[in-house]
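Tertiary structure, described
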Amino acid sequence: MWRRRSITSGGAPPPWRPQLGGGRASQRRAAASSLPFFAHFVDDDDPTGRDEHQGASSLFSAAPSPSLTLLHRFSLQRIFPRAPAPPTTKALSILDSTCSAFFSFAAAKLYLAVLDRPDPFTPALVEASLAHVLSAYPHWAGRLRLAKSSDQGRPYQTRFGRIWADWGSSSDPGVVLSFAKSDTPLAPLVPPLVEGEIVDGSALERAGVYPELSSVVALRPSPTEAPALAVQILHFTCGGVAVGFRVSHSLADAGTLNRFVADWADVHRAALAAGGALDDVPLPDRPFEPEALDQHATGDLDADELDEAVEREYAKLPRTALDLWADPVRHTDGIAVISGPDPSMDALEAALGRPRGSPPPWSTWHPDQPVSVRSLFLSPPTLERIWAAAGGREGGVSPHDALVGHFWRLCVRARNLAAGTEVRITPAVGVRARLDPPLSPDMIGSNFVLLASISMSDKVAGAGGEAVAAQAIRATINSATPSALSALLAHEAHTLDPLQVQPYFCGEEHTSMSSWIGAGVYDADFGSGPPVYAEGVMPAVDGMLLFEDVPGEGRTWLERGARVKLALRDEVMKKVLADPELLCL
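Residues numbered from 1 in each chain as written. Predicted model: local features only at pLDDT ≥ 70, side-chain atom pairs only at ≥ 80, totals over all residues. Heavy atoms only, no water.

This next bit is on the sheet that holds strand E18 (residues 510-515). Pairing within the open sheet is mixed, and its seven strands lie in the order E8-E12-E21-E20-E18-E13-E16. Of all the strands in the sheet, the pair left with one neighbour each is strand E8 (199-200) and strand E16 (453-456). Across two bridges, the pairing between E8 and strand E12 (residues 371-378) is antiparallel. When the bridges of E12 are listed, Asp 200 appears paired with Arg 374. Against the sheet, helix H10 (residues 399-415) engages E12, strand E13 (422-426), E16, E18, strand E20 (544-549) and strand E21 (562-569), with an angle of about 25° to E21. Where helix H12 (residues 465-478) meets the sheet, it contacts E13 and E16, and its direction lies at approximately 150° from that of E16. (Pairing = 2+ DSSP bridges. Helix = DSSP H or I, 4+ residues; strand = E, 2+ residues; numbered from the N terminus. Contact = heavy atoms within 4.5 Å. Axes fitted to C-alpha atoms, helices over the stretch in contact; angles between N-to-C directions.)

Once that is clear, we can look at the nonpolar core. A general trend in soluble globular proteins is that nonpolar side chains are found buried together. Residues Trp 140, Ile 233 and Trp 264 are the most contacted members of the largest nonpolar core, which totals 87 residues. Among the elements that line this core, the one with the most residues is helix H5 (residues 254-273), at eight residues. Each residue touching Trp 140, except ones within four places of it in the same chain, is listed here: Leu 134, Gly 174, Val 175, Ala 228, Leu 229, Val 247, Leu 251, Ala 252, Thr 256, Leu 257 and Phe 260. Ranked by size, the runner-up nonpolar core spans 65 residues in total, among them Ala 390, Met 443, Phe 547 and Val 576. (Core = buried A, V, L, I, M, F, W, Y, C linked by side-chain atoms within 4.5 Å. Buried < 20%, exposed > 50% of the residue type's maximum accessible area, 1.4 Å probe, protein only.)

A word on empty space enclosed by the protein. Counted under the stated rule, the structure contains four cavities of 30 Å³ or more. Each pocket or cavity is described by its volume, and for the largest cavity that value is around 270 Å³. Taken together, 23 residues line the largest cavity, and the ones lying closest to its centre are Thr 98, Arg 319, Glu 492, Val 501 and Pro 503. Listing elements by their share of the lining of the largest cavity, those giving two or more residues are helix H2 (94-98), strand E15 (448-450), helix H13 (482-494) and strand E17 (501-502). A class-by-class count of the residues in the lining of the largest cavity yields 14 nonpolar, six polar and three charged. One number sums up the size of the second largest cavity: a volume of about 80 Å³. (1 Å grid on protein atoms, 1.4 Å probe; cavity = no way out; pocket = protein on both sides within 12 Å on 5 of 7 lines; lining within 4 Å. Points joined across faces, edges and corners; volume = space filled by probe spheres on them. Nonpolar A, V, L, I, M, F, W, Y, C, P; charged D, E, K, R; others polar.)

The next thing to look at is the pattern of salt bridges. Taken as a whole and judged by the stated rule, the model has 33 salt bridges. A salt bridge links Arg 354 to Glu 305; the shortest N-O distance between them is 3.6 Å. Of this pair, Arg 354 sits in the loop between helix H8 (343-352) and E12 while Glu 305 sits in the loop between helix H6 (291-294) and helix H7 (308-314); the two residues are 49 residues apart in sequence, bridging distant segments of the chain. Overlapping salt bridges, with partners in common, bring together Arg 415, Glu 508, Asp 542, Arg 569, Glu 571 and Lys 575 in one network. (Salt bridge = Lys/Arg side-chain N within 4 Å of Asp/Glu carboxyl O.)

By the secondary structure assignment, Ser 93 is in the loop between strand E3 (88-91) and H2. Setting aside chain neighbours within four positions, we find Ser 93 in contact with Pro 290, Leu 293 and Asp 294.

Before going further, it helps to examine the environment of Pro 441. Within the element layout of this structure, Pro 441 appears in the loop between strand E14 (428-430) and E15. Sequence-wise, Pro 441 and Val 431 are 10 residues apart; in three dimensions their C-alpha atoms are separated by 9.8 Å.

With that out of the way, let us pick up H10. Over its 17 residues, H10 runs 25 Å from end to end, which matches the ideal 24 Å to within 8%, given 1.5 Å per residue. Summarising burial for H10: 16 of the 17 residues are buried, a large majority. Directly beyond the C-terminal end of H10, a positive phi value near 50° is found at Asn 416. (Expected span 1.5 Å × (residues − 1).)

Glancing now at the pairing of E13. Of all five residues making up E13, four are buried, and the element is well covered by its neighbours. Pairing of E13 with E18 involves three bridges; the strand directions are parallel. Bridge pairing in E18 links Thr 426 to Ser 512.

Side chains Tyr 533 and Glu 535 project from strand E19 (residues 533-536) onto one buried face, and the interleaved Ala 534 and Gly 536 project onto a second face that is buried too. Two elements, strand E4 (residues 104-111) and E19, share four bridges in a ladder whose sense is antiparallel. Directly across from Ala 108, in E19, lies its bridge partner Glu 535.

Laid out in structure tokens, this is it:
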């Protein structure tokens, strides 16, 4: 049941102050590997952000930066639910299956040292509390796999590429839990809340804070045998602790992962107060009901073809739909990008007479050029100025619309695109609160869809562009009506392969954004207080933005400020950071 190993790597921790450039070889590895982007888009209609917009990823991935910290992993174990579950097999939801393209995502929470009482992160208690909370999430310790013809599900659930979960068996992979020690202090990894100071957005990756990429299952293109969740507890010389996570995106979106971590922290803190006893520690009620999402789909999901009326309703949603089978590029500057369809799906597509769509614009993405990841803090007054420049409440946009639009505009300006060039940004819109009737805000899974905000380069970059960008984003979010989302679920249920159509892209004309603002990233207190810093991994792929909450006393994120990470080609990054409108409007 227990497995242990030791891994050591050399080097020194990086400073927060960065230098541009990562080298072409490292950028090739970054673009070719499988650590995806993740998203959570907040709407002011739901100040917590938990019910409104949660979710996503991107086609391209970034390899973890090699550790520059002397890191000693001294324990690697598999953890299983304290209360064994009966053998169970269940199909994941329609949207969970679309996430098989995104592989896994990673997050971390950093905690200061506890000086006046014992360390709350002792291995025995961490193991016990994790096993206890997994009793409320038993499928997280199970096995994710592709559908089989023998599965006892509905026809749409057994189509090619759909995801199932098996748990409650002696062969379950469990959850990987590792413990490690660093030969450095925690403090250099906590970015300052100083406006205008640009910091390295990849410091935690290089410090070895996250579980290894291979520790979590990959289902496509070839399934691997690994757990769906990996956790690492990293102790620093000062007594501080980093808790790193890597999870399959078919299992969780950003909101679900942070909810799980908060549940675990509550259990852990209660056990700590009870001297390690768990018998009287209550568990959260987290039913796993992916079918509750699928029931909102329009029409007959098991029919061979989708109803034309449903497709017309689906077409009302603005989306980027790039057919990865239309132009199967196998290599771009030495990078294996995509391959064509599975032979069985190729034949079925021909038999059904389905036309292929638009291929990805490969020429607008330059994976051979160096990409840097940078992070900066924006104060509440700056956020208010950005909102006002976009039109404010009177202009029909939220502060979050304005913030995302502001950085989209900065990226478009820095790229010097020809006037009239179509530009896009991809918001990830959560469906929990938008379906009719709405789903529970605590529903677990990856309950989001990727939509597209579209405008012209000169309109976004020119005078009044702040309002143009923010209003485009708001219009996209408003398009996600219950009927349109129900049609989208039906559309996705009928796809030949969830990986065929890519709803986003990166590079010159496309921006992928993710937001964890309002996702509860600072809610997990394991007994030493809330995190001093929490983040999600930003892949080093040109054209990605990540918006994060910051700790503080304010009632809302607008009162505390926000952190923005950018992954851009070096040339574009320099222009964005030098733009006089970056912080001053």
